[in-house]
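Each chain, written out:
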Amino acid sequence: VRGRLLIAPDSPVRLTTTGEYALSKQNCCIPQYDNVAQPLRDRFAIAAREHPFRGAGVPFPNNDLDAMEVAADGDNFTKIENTMFSFDFRWDLAGHELASITSLRGVRQFSTADIDFTGLNLLTFPSVTRDNDYISQEVRLTSPSDRPFTYLVGAYFFQKDVQEVSGLVINPAT
């Protein structure tokens, strides 16, 4: 969803505001080629004998290049929420333009993922949350373009705050 509002389009001061919201949810599997070189396949077999995996009965990766199968035994879910606002002020000062542009964006993500990419229950991210917040501010003064000497001066500020909380579970219980 996106909206835009223009205030005072014919006056010396103009404000354009923009807002945006997006939500994405994905719950799926990971199709992939389950093909592993023989030495690695042998190591899987040795590891399984010495340290049995929970979720027994899952076949080992095979060497068949033509085998395309779903090789994920756990959940793979992602939810991403984006929110954005921007404010664009423009002032006409006797042919000069003073602009102030502020933008705020927030991205929230939650996901769980089976990341070993095999049918074995080896590695899982059961809960990953990411919060990203961004703010930017630009101020600039532009000279009239119809003069022999033109200029543009300004300043730009950007700040990003990222937080992630996650945990890796090795050989989770089934």
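Before reading on, note that the structure itself is shown above.
Note that the coordinates shown come from a computational prediction; the quantities given were computed from them, not determined experimentally.

Chemist: When you look at the pattern of salt bridges in this model, what are you seeing that I'm missing?
Modeler: Enumeration according to the criterion identifies seven salt bridges in this entry. Residue Asp-88 is joined to Arg-90 by a salt bridge in which the shortest nitrogen-to-oxygen separation is 2.6 Å. One salt bridge in this structure joins Arg-140 and Glu-138, with 2.5 Å as the shortest N-O distance.

Chemist: How do you make sense of the side chain of Thr-112 when you look at a structure like this?
Modeler: Its place among the elements puts Thr-112 in strand β6 (residues 96–114). For Thr-112, a relative accessible area of 14% gives the class buried. Excluding anything up to four places from it in sequence, Thr-112 contacts Asp-75, Asn-76, Phe-77, Phe-125 and Pro-126.

Chemist: Sorry if this is basic, but what is going on with the environment of Asp-133 here?
Modeler: Among the secondary structure elements, Asp-133 is positioned in strand β7 (residues 123–142). Remark: the alpha-carbon pair of Asp-133 and Val-162, spanning 29 residues in sequence, is separated by 6.5 Å. Here the side chain of Asp-133 touches Arg-108 through a polar contact of 2.8 Å, side chain to side chain.

Scoring rules and cut-offs
- Residues numbered from 1 in each chain as written.
- Predicted model: local features only at pLDDT ≥ 70, side-chain atom pairs only at ≥ 80, totals over all residues.
- Heavy atoms only, no water.
- Salt bridge = Lys/Arg side-chain N within 4 Å of Asp/Glu carboxyl O.
- Helix = DSSP H or I, 4+ residues; strand = E, 2+ residues; numbered from the N terminus.
- Buried < 20%, exposed > 50% of the residue type's maximum accessible area, 1.4 Å probe, protein only.
- Contact = heavy atoms within 4.5 Å.
- Polar contact = N/O pair within 3.5 Å; in protein donor to acceptor, adjacent residues only side chain to side chain.

Shape descriptors only; they carry no functional weight alone.
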